[in-house]
Amino acid sequence: MSAIRLECVWKHRGEGRRFVSVLRDISFAIEAGEVVLLLGPSGSGKTTLLGVVGGLLSADAGSVETAGALVDTQDQAARRRMRSSDIGFVFQRPSLLGGLTARENVLLMASLAGMDRKASEIEIDTLFESLGISALADHFPHQLSGGEEQRVGIARALIHRPAVLLADEPTGNLDAASGTAVAELMVALAVERRSAVLIATHDPRLERYASKRLLMRDGQAIVESA
Amino acid sequence: MSNLIAKGLRGGHVRFAICVAGIAVSTMLILVLFAVYRSVESGITTYLGQPGLDLWVAPRGTDNLIRSSGLITSDTLGEIRRLPNVVRADPILRAFVTVEAKGERVTLLAIGFRAPHGLGGPTFISGLAPASSDEIVIDRAAAHLLHVRVGDTVSLNRQTKRIVGISRETNLLATQFVFGDLASMSDPVPLVSFIVVEVAKKARPLDVLRDIHRDRHDLDIFTSEEFLRNNLREVGAGFRPMLLLITILGTTSAALLVAFLIEGVVEERRGELAVLLATGMTPAAIAGGLTLHAARLLVAGIAAGTACAHLLSWGLDLAAPVVPLTYSSGDLLIVASMLSAAGVIASVVPLLRLKDIDPLEAFRS
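A brief report on the enclosed structure follows. (Residues numbered from 1 in each chain as written. Chains lettered and ligands numbered in written order. Predicted model: local features only at pLDDT ≥ 70, side-chain atom pairs only at ≥ 80, totals over all residues. Heavy atoms only, no water.)

### Observations regarding the overall build of chain B
Regarding its fold elements, chain B presents 11 helices and 12 strands. On C-alpha atoms alone, chain B measures out to a radius of gyration of 29 Å, which is more than a quarter above the 21 Å that the 2.2 N^0.38 rule sets for 365 residues. Classification of the 365 residues of chain B by burial places 52% in the buried group. For chain B, contacts bridging at least 24 residues in sequence account for 80% of all contacts bridging at least 6. Total accessible area on chain B is roughly 16000 Å²; 61% of this is exposed by carbon and sulfur atoms. Counting 34 positive and 33 negative side-chain charges, chain B places the centres of these two groups 3 Å from one another. (Helix = DSSP H or I, 4+ residues; strand = E, 2+ residues; numbered from the N terminus. Rg over C-alpha atoms; globule rule 2.2 N^0.38 Å. Buried < 20%, exposed > 50% of the residue type's maximum accessible area, 1.4 Å probe, protein only. Contact = heavy atoms within 4.5 Å. Areas by Shrake-Rupley, 256 points an atom, 1.4 Å probe, with all protein chains shown as cover. Lys, Arg positive; Asp, Glu negative; His and termini not counted. Charge placed at Lys NZ, Arg CZ, Asp CG, Glu CD.)

Structure (structure tokens):
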């Protein structure tokens, strides 16, 4: 069973003369532990596709299956549960909560996913060590660099060992060296945890980690092997 | 989780401190007004609640001590004393007098009684009851205003009097009490303002009241409870509207501060809130965390305001005991409950704006 499966998915926006099909007949599948890049110019529908896969948006037609659940048939509460327990999100800007330390930010996600406090603490130590930020665990976001903040964001996305990791321009705000290091760590940790990874990006450096590429253009996707 | 959300979304320390200070000032404002009202109430209750003041006989149309008018002839006293079950009946003369000392001048509410041991005398902080017509007992606040103490002399209606005692619970804020022998307050004394009656233990004050009323329809007679109620109504009449107004204004300003703080969080931390929503947190959970934040703000503000009111009360009592400040834990509970409820209700408005945040904003921020 695929971790992500989309079949003939359509998503429209607007009405009348402003009517636009943002996603047109999209079909693809991503297996556990597989990394897929979502490429395309701005406005091509990458974020909308992430939203549909993550249950933040509903498809107007077609079928979306994420982490074994048919997203279309779920109500809002079930989608929230799915997002908190089966999906990890990495955003361009991690937007960590300013009043919490790095550890507490990740702990909040673990708590949301219903993880036991002790198990969460152990998992955070492991993740922080892998990400090279153990010494920063008690730092607040304003005390971290952009790269360090993004690493905490990755720990937050992976703490609950999600079946699916959705990343939106994870290196977009980082310099070349930091971006490469962060991307490598994110992909390595996600694959190690058997998460299916879908990364929306403009960054060609990430192509070497992907098994497939989804090229988005005017709402349509062309699947290419990497 | 609410705890982590509240901690995570708290605003800057400076803004928090400003809001706490604002709520503290509102709390203090309301508490101080409560305290002033309570101390006046307490003064009246203490004076009128003295043992032996079972019935108050007043001229027709007078039902309280503060604004009495008319006088009773002294032969009435003899009639009442002759009634069965009357243990004691003493006259009280109530008048406003001007007291001067050391260049200061105040108008006081004079209570003339059958000194030194007649009914209706003062309750003391220090000193003794007046034993002659040239001796008086003065309220503590009045003594402070006149810069006098026990042993000093003052001019009362241009007659020299010696202070032999300082009384307590006799400050009505707008005026204070001064006590003296009947003769010291009016010379000669053909008329009195009230007659206070002590009823025998075995008898019911109401029966004696009826006995007096049977022969004297020109008098109004009150039990101690009724007379106390009348006096509390009288002192509260001016206070209550002001107390209500200040309470409403203070509560509103505290509520607005809470709303302002929560609105600031919702508006400025939109990106973080969108991430929380995107990762599966419910708006209710976020609202719970923000409400906890608002509750902490309120608790800090109310605690600071209470502490300041206590300090003010202590400082005033020490340095200038003119405005008595006494409030009960019940008053504090009322003020805290009102402010908390208003604050929590006010935070609902910005919390409703949570539903305007699209989780997809997390991808765009």
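### Structural notes on the interface of chain B and chain A
At the interface, 24 residues of chain B touch 26 residues of chain A. Our count for the chain B to chain A interface comes out at one salt bridge. The partner of Lys7 of chain B in a salt bridge is Glu104 of chain A, with the nearest N and O atoms 2.5 Å apart. Taken together, chain B and chain A are joined by six residue pairs in polar contact (both at pLDDT 80 or more). Those elements that place two or more of their residues in the side of chain B that touches chain A are helix H1 (2–9), helix H8 (270–278) and helix H11 (361–364) of chain B. With six residues, the top contributor of residues to the side of chain B that touches chain A is H8 of chain B. Split into classes, the residues belonging to the side of chain B that touches chain A amount to 14 nonpolar, six polar and four charged. (Salt bridge = Lys/Arg side-chain N within 4 Å of Asp/Glu carboxyl O. Polar contact = N/O pair within 3.5 Å; in protein donor to acceptor, adjacent residues only side chain to side chain. Nonpolar A, V, L, I, M, F, W, Y, C, P; charged D, E, K, R; others polar.)

### Observations regarding the side chain of Gln150 of chain A
Residue position: Gln150 of chain A is located in helix H5 (residues 146–158). Given the relative accessible area of 2%, Gln150 of chain A is considered buried.

### Details of the side chain of Asp139 of chain B
Residues and elements named next belong to chain B. Structurally, Asp139 is set in strand S6 (residues 135–139). Within the buried set, Asp139 has no salt-bridge partner at all; the shortest N-O distance to an opposite charge, 7.9 Å, is to Arg140. Polar contacts involving the side chain of Asp139 include one to the main-chain amide nitrogen of Ala141, which spans 2.8 Å. For Asp139, the residues in contact, after removing those within four places along its chain, are Ile166, Ser167, Thr170, Asn171, Gln176 and Phe177.

### Observations regarding the packing of aromatic side chains
All names here are of chain B. By the definition in use, this model includes 12 aromatic pairs over all chains. The interplanar angle of 85° and the centroid separation of 5.5 Å between the aromatic rings of Trp56 and Phe194 together place this pair among those described as edge-to-face. Taken as a pair, Trp56 in strand S1 (residues 55–59) and Phe194 in strand S11 (residues 194–199) lie far apart in primary sequence, 138 residues in all. Phe194 gets classed as buried once you look at its relative accessible area, which sits at 0%. Site record: aromatic cluster; members linked through ring pairs are Tyr47, Phe113, Phe177 and Phe179. (Phe/Tyr/Trp six-rings, centres within 6.5 Å; stacked < 30°, edge-to-face > 60°.)

### Things to note about unusual backbone geometry
Across the junction of Ala115 of chain B and Pro116 of chain B, the peptide omega takes the value 0°, indicating a cis bond. The residue Ser95 of chain A is not glycine, and still its phi comes out positive at about 45°. Here Ser95 of chain A is to be found in the loop between strand S6 (87–90) and helix H3 (102–112). With phi around 45°, Glu169 of chain A is a residue other than glycine that occupies positive phi space. Structurally, the position occupied by Glu169 of chain A is in the loop between strand S7 (164–168) and helix H6 (176–192). Accessibility expressed as a relative area gives 10% for Glu169 of chain A, which makes it buried.

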